[in-house]
Every structure is written in C-alpha cells, then in structure tokens.
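# Report on the structure
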Amino acid sequence: MNVERKLESLSLQQQQQEEQQDESEQPNQGVEDEEEEEYDEEEYEEEEEDINFSKETLEAAMATKVSIEQYYTSLFKSLKERDDRRCFLEKKMEELNLREEQKSVKRRELDKKETEYIKSRRIRLTGHSFESIRIIGRGAFGEVRLVKMKKNNKFFAMKKLDKSKMIEKHQTIHVRSERDILADSNNIHGSNPWIVSLYYSFQDANFLYLIMEYVPGGDMMTQLIKYDTFTEDATRFYIAETVLALHSIHKLSYIHRDIKPDNLLIDQKGHIKVSDFGLCTGLQTNRVPTLAEIYKKYEGDNNIREEDQTPQSRSARFDSWKRQRRVLAYSNVGTPDYTAPEVLMKDGYSAECDWWSVGVIMFEMLVGYPPFCSESIRETYHKIMNWKQTLPKIMEEAKAEVNLSPEAQDLIERFLTDPMTRIGFNGVEEIQSHPFFKGVDWRRLRETRPPIIPQLSSPTDTSNFDHYEEEQQPEPMQPVQSKSRRKITSFDIPFIGYTYRNFDAMRDAFGSVNSRDAFGSINSREAFGSINNRDSLQGANM
Ligand SMILES: Nc1ncnc2c1ncn2[C@@H]1O[C@H](COP(=O)(O)OP(=O)(O)OP(=O)(O)O)[C@@H](O)[C@H]1O
C-alpha cells in the first residue's frame, strides 16, 4: 500500500472512530446501529474507490504526507552534514600532522558539539526569543528589523514575512528558495562571504522568520540616492564585487533574478553582500517566471501615451527617477528596471539574466539613473522589451551627458544584449578579462579598501538605513500550536519544513562549551576556521 493510500485509510479509520464515538454518546441507539456500522465497513471494502473524502481530510492527509517527506529529507541531510563535518575534521587533522592523542581530543570535542547541536535543535525559537530594536527595511511581504537575541545579547537582522500575503499574491513557490539558498551557502566550508548569513529560520501561525546577520552599512540604493553617481573607480570596485558575488551564487546552482541596488548590502568594512533571494530559482528548474506574471498586464500594450513619457533632459529624468525610487522599492509590484528582457518575456532564461541586471546597475552608478527608467512601470516595461530599438538612443544620450570611458561604455553594452552574446555567457572569466576591469586583483578583492567605509558608532547603529515608522504595535507572536491541538490545512503546506538552524550559530547561542575556544586550542584558525569562521573564509572563497 503506498503512503497516500495509507494516509487515506488512516484518516478514514480516524473518521469512523470519531463517528462511532459520537454515536455511542447518543441514547436509544442499539443493535440497529451496530448492524449499520458493519454494513458500512463491508461497503467500504467493496467500493473503496468511490469514497469521497472531505476537503479537510484530504488537506490534512496531504499536509501529513509533505511533513513526512520533509522530515526524512531533512533527517538524511543532517546525517550527511554530520558526516561531512567528521570527514572535514579528519582531513584537516591529517594536513596538520596531528599526533594520535591530539586527534582523539579533537574527535571527542566534535562529538560533544554534535550532541550540543542536537540538543539545541530541540529548543523552540519564536519571535519572543528576540527583542526588536528598530525597523530597517520594508518589502512587499513584510519588514526587516534589527533585533537582539535575548539569550545571548547578539544582534541580528530579522526578516518577517506575512504568510497570508504570500498566499494571496501566489508567491508561496518562492518561500523556500530564499531560505534554501541562504542555508545552502552555509556549509562545512563556512559561510559564503558574498551572501548574507542565515542563522535560523522558523515560523508561527501567521509569519515566517529569517534570522540573518545584520549588515550595518545599509544598501546600495541608499548610497546611490545619497551620492547620485559614482566615479569609474568606485563603480569598478562595486561591479567587480557584485560579479564575484553572483558567480558564487551561480556556483551553488542558483540564479538570483532580482539583482538591484536594494539587494546589494554594504558590510561593516564596506564590502558587498547580496540579500533578498525571494525570487531566486534553481538553475535546473526554470519555473514559470513570476515577474512575467506580475507584469503580464502590460504586455502587448506598446502604445505609450504622451503623458506617460519620460522627460528627455538628463536633469528632468534624474529628478523623476529620484522621486519614484523609494516608492517603487516598497511597492508590491516592485520595479522591472533591473530585470532582463528574457525573464520578463517568459522566454526561458538562465544565469545570464543576472549579468543583464549588473549592466543596468553599472549604468545607474555612472549616469545617475537606470537606462530604461520612465515615468511609469508600463513605459519601463515597454522600453526593456524593445531594448534593441530603445537602448542605442539611451546610450547616445548618456554619452552626451556623462563622460563615459570607452571601456565602461563597451562593458555596459556587452551586458545589455541578447543572452547568447551577453558577456558572461561563456563563463565569468569573460567578464573578469574585460578591459574595464584592468588592474583589478580578483583574488584579493575583499581585502582591498572599499570606496565607502561605513562609520558606525555602535553595534546597533542604524544610521545607514532610512527611518521607518512602526505601522502598529508589533503583533503578539502566534506560536505554532502543537499538532495535536491545531489542524494542519492546505494553508500550511507551502511552509512545512521551513525551520533551519545553522550549526555554528546554534552552538554559540545554546551550547555549554564555547566551541571556538575548543577548536582554537591548537592554532587552528586556518584549519578549523572553515567550520564557519568567516574571517578565514574571506580569502579562501574568492
Ligand atoms: N541582513 C540584513 N542586514 C541589514 N539590512 C537588511 C538585511 N536584510 C535586508 N535588509 C534591509 O531591508 C531591506 C529590505 O530587505 P529585502 O529586500 O530582503 O526585503 P523584501 O521584503 O524581500 O523586499 P522585496 O520586496 O524587495 O523583495 C533591504 O533593502 C535592506 O535595506
């Protein structure tokens, strides 16, 4: 009997038991009822196929099925990760030529940490485990806050997403992608320095929570609003870092699809970290592009009205862009300005779509607004879809207004072209060897001095973020009720298995032993740092 069948029959048995119980509670029902029950059972045996289950039963069965699948998938994954950690330790000990006694000590230490990790996984995190300091960002499905974990007084960024809004806007398909890529980027080799680290994810009845590292330098959109344009040197640095960041994401077999200045965060030292993987998709799957659905209503409407058209002079265009920028960033639809035409057109797309977005950001950094920006989303959409006609004129105008070097102009045009001829199609080396990047030390980029270094007064300094009003009193967190008390419905299915705990973060937060000290006891920063030591990784992952 397959699982579905079993679940169906289990639910049926349960239903029958409940009915029996109900009936036994009713007076004056004797032999006749028993006979009727027997008759029902026989009928079930014979006409099993015809039984109609209630919607609730089917939903509960489906949710249980998904839960069981998720449970085993995550169990096997964590066993594999545990194995990986052990192999990694053995390999490192070999490399360091440790004596047998030293090895035994290290093995025992790792065993202890594994036990602590297993114990710590049982601790339930809720929104109440964190104290809110301030809102630092808002998006279509929720908000991002600087928070303090009560247990250890450490600061994190907490992204809280509204489940109902995601269901309403048909975005549940993307719920897992953000959590998955963030979790996948933390492995035995440590955290990817280009990606915001995820420490925990959990949920309550109404919200999903991602607890990430707090990146205090704000986002690139805020910097662009502040500085209007960057020099070619600064642009070179940020574009080069963005290229490496995206390459590291592509190597994990993901496409970001939503690269824009709002999603490029600036860390404490001034380097880039990519965030917001809500639209990120697996390289293999190439699912229906949601952006195309979102902008579908603009399709086929190629007649842009006179009043919708963007002013032609640079300063007017500039003002118009500045006026709309933040509004667009917080709107439900978002801006298509940075999206590749093939993503908008549902043509099928691959990792090259991210290189298009890099070209748009590079143009914006040098010229002051993105190339296809317009008074209305509809006009922007139209311009991107017809980029072969619109782009040459846009580039001409930009050249007349801004002093673009031939290398910068050439690189922008190599990014903003058909996917097959787009720079990067044949590998990231193609981009790295473009003359615009002459002199860039790609291997040591994260160690070079960034153009802007955030000035921070304390770990809770949020001066690089906009001021956001609290919309209402933070809602009391709704704990997920235990399964025995709460019915699982189809509402829950997309969110099953969302919980994640980062090995090192859990150990630090709840472990009785400070494992970094234990690992550090034989000058093993390099050797053991890669079980999530960010410092040692920065060079290693380049
Ligand atoms: N880890 C972080 N550290 C500091 N700030 C962050 C962090 N994550 C997000 N932010 C801030 O919050 C803003 C919104 O975050 P994010 O883009 O992830 O939210 P979103 O709800 O997915 O938005 P969107 O609607 O654009 O998809 C970012 O532009 C950034 O300013």
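What you see is a predicted model; the values in this text were computed from it and never measured.

Orientation of helix H12 (residues 352–367) relative to helix H15 (residues 406–415), taken along the N-to-C sense of each, is 145°, at an axis distance of 8 Å. When the axes of H12 and H15 are compared, the crossing they make is left-handed. Packed against H12, whose contacting residues are Trp-355, Trp-356, Val-358, Gly-359, Met-362, Phe-363 and Leu-366, the element H15 presents Ala-408, Leu-411, Ile-412 and Phe-415 at the interface. For the contact of H12 with H15, the residue count by class is ten nonpolar, one polar and no charged.

Take the pattern of salt bridges next. Summed over all chains, the structure comprises 22 salt bridges. For Asp-258, the salt bridge identified is with Lys-260, shortest N-O distance 3.7 Å. Residue classification places Asp-258 among the buried residues on the basis of a relative accessible area of 11%. The exposure class assigned to Lys-260 is buried, which follows from its relative accessible area of 12%. Note that Glu-342 and Arg-422 form a salt bridge whose closest N and O atoms lie 2.8 Å from each other. Here the residue Glu-342 occupies a position in helix H11 (residues 341–344), and Arg-422 occupies one in the loop between H15 and helix H16 (428–432), the gap between them amounting to 80 residues. Note on accessibility: Glu-342 and Arg-422 belong to one class, buried. In the salt-bridge network here, residues are joined through shared partners; they are Arg-86, Glu-90, Glu-100, Arg-107 and Asp-111.

This brings us to the packing of helix H8 (residues 232–251) against H12. Between H8 and H12, the least distance of the axes is 10 Å, while the angle of their chain directions is 165°. Overall, the two elements H8 and H12 adopt an arrangement that is roughly antiparallel. Pair H8 / H12 crosses with right-handed handedness. On H12, the residues touching Glu-232, Thr-235, Tyr-238, Ile-239, Thr-242, Val-243, Leu-246, His-247 and His-250 of H8 are Asp-354, Trp-355, Val-358, Ile-361, Met-362, Met-365 and Leu-366. Residue composition of the contact of H8 with H12, by class: ten nonpolar, four polar and two charged.

The next point concerns the nonpolar core. One finds Met-220, Met-362 and Phe-437 to be the most contacted residues of the largest nonpolar core, which totals 66 residues. Among the elements that make up this core, the one with the highest residue count is H12 (eleven residues). With near-sequence residues (within four places) excluded, Phe-437 lies in contact with Arg-236, Ile-239, Ala-240, Leu-411, Ile-431, Gln-432 and Trp-442. Formed by twelve residues, the second largest nonpolar core is a distinct cluster that contains Phe-156, Tyr-199, Phe-202 and Tyr-209.

Averaged over every residue, the pLDDT of the protein chain is 74; residues scoring 70 or more account for 64%. Segment residues 476–484 is flagged for pLDDT under 50; beyond a separation of four residues in sequence, or across chains, it makes 17 contacts in the model. Here the complex is predicted with pTM 0.70, and the ipTM for its interfaces comes to 0.96.

What follows concerns the side chain of Asn-192. Note that Asn-192 resides in the loop between strand E5 (190–191) and strand E6 (198–203). In this structure Asn-192 comes out as buried when scored by relative accessible area, which is 7%. Separated by 3.0 Å, the side chains of Asn-192 and Ser-248 make a polar contact.

Attention now goes to H12. Here H12 contains 16 residues, and its C-alpha end-to-end distance of 23 Å stays within 8% of the 22 Å for a straight helix at 1.5 Å per residue. Counted residue by residue, H12 has 16 buried out of 16 residues, so it is predominantly covered. Just downstream of H12 lies Gly-368, where phi reads positive at about 115°.

This part covers a nonpolar patch on the surface. A contiguous nonpolar patch, built from Ile-68, Tyr-71, Tyr-72, Leu-75, Phe-76 and Leu-79 and spanning about 600 Å² of accessible area, is present on the exposed surface. Position of Tyr-71 among the secondary structure elements: in helix H3 (residues 55–95).

Following the sequence through the fold, Val-66 ends up in helix H3. Under the relative-accessibility criterion, Val-66 is labelled buried at 15%. Spatially, the C-alpha atoms of Val-66 and Glu-401 are 57 Å apart, while their sequence positions differ by 335 residues.

All right, on to the site of the ligand then. Looking at the ligand, there are 19 residues lining it, with Ala-140, Lys-159, Glu-213, Asp-219 and Asp-276 nearest. At 2.7 Å from an oxygen atom of the ligand is found a side-chain nitrogen or oxygen belonging to Lys-159. In the model, an oxygen atom of the ligand is placed 2.9 Å from a nitrogen or oxygen of the Asp-262 main chain. A total of 620 Å² of accessible area belongs to the ligand in isolation, and the protein chains cover 91% of it. The set of elements that each furnish at least two residues to the shell around the ligand consists of strand E1 (130–138) and strand E3 (155–162). Within the shell around the ligand, the residues separate by chemical class into ten nonpolar, three polar and six charged. Per-domain counts for the shell around the ligand show at least three residues from each of domain 1 (127–216 + 459–473 + 481–510) and domain 2 (219–299 + 313–447).

Rules used in this analysis
Residues numbered from 1 in each chain as written. Predicted model: local features only at pLDDT ≥ 70, side-chain atom pairs only at ≥ 80, totals over all residues. Heavy atoms only, no water. Axes fitted to C-alpha atoms, helices over the stretch in contact; angles between N-to-C directions. Helix = DSSP H or I, 4+ residues; strand = E, 2+ residues; numbered from the N terminus. Left-handed = near helix turned anticlockwise from the far one by under 90°. Contact = heavy atoms within 4.5 Å. Nonpolar A, V, L, I, M, F, W, Y, C, P; charged D, E, K, R; others polar. Salt bridge = Lys/Arg side-chain N within 4 Å of Asp/Glu carboxyl O. Buried < 20%, exposed > 50% of the residue type's maximum accessible area, 1.4 Å probe, protein only. Parallel < 35°, antiparallel > 145°, perpendicular 65-115°, else oblique. Core = buried A, V, L, I, M, F, W, Y, C linked by side-chain atoms within 4.5 Å. pLDDT = per-residue confidence, 0-100. Polar contact = N/O pair within 3.5 Å; in protein donor to acceptor, adjacent residues only side chain to side chain. Expected span 1.5 Å × (residues − 1). Patch = residues over 30% accessible without salt bridge, like charges linked within 9 Å, V, L, I, M, F, W, Y side chains within 5 Å. Areas by Shrake-Rupley, 256 points an atom, 1.4 Å probe, with all protein chains shown as cover. Near = heavy atom within 4 Å. Domains from an automatic or database assignment.

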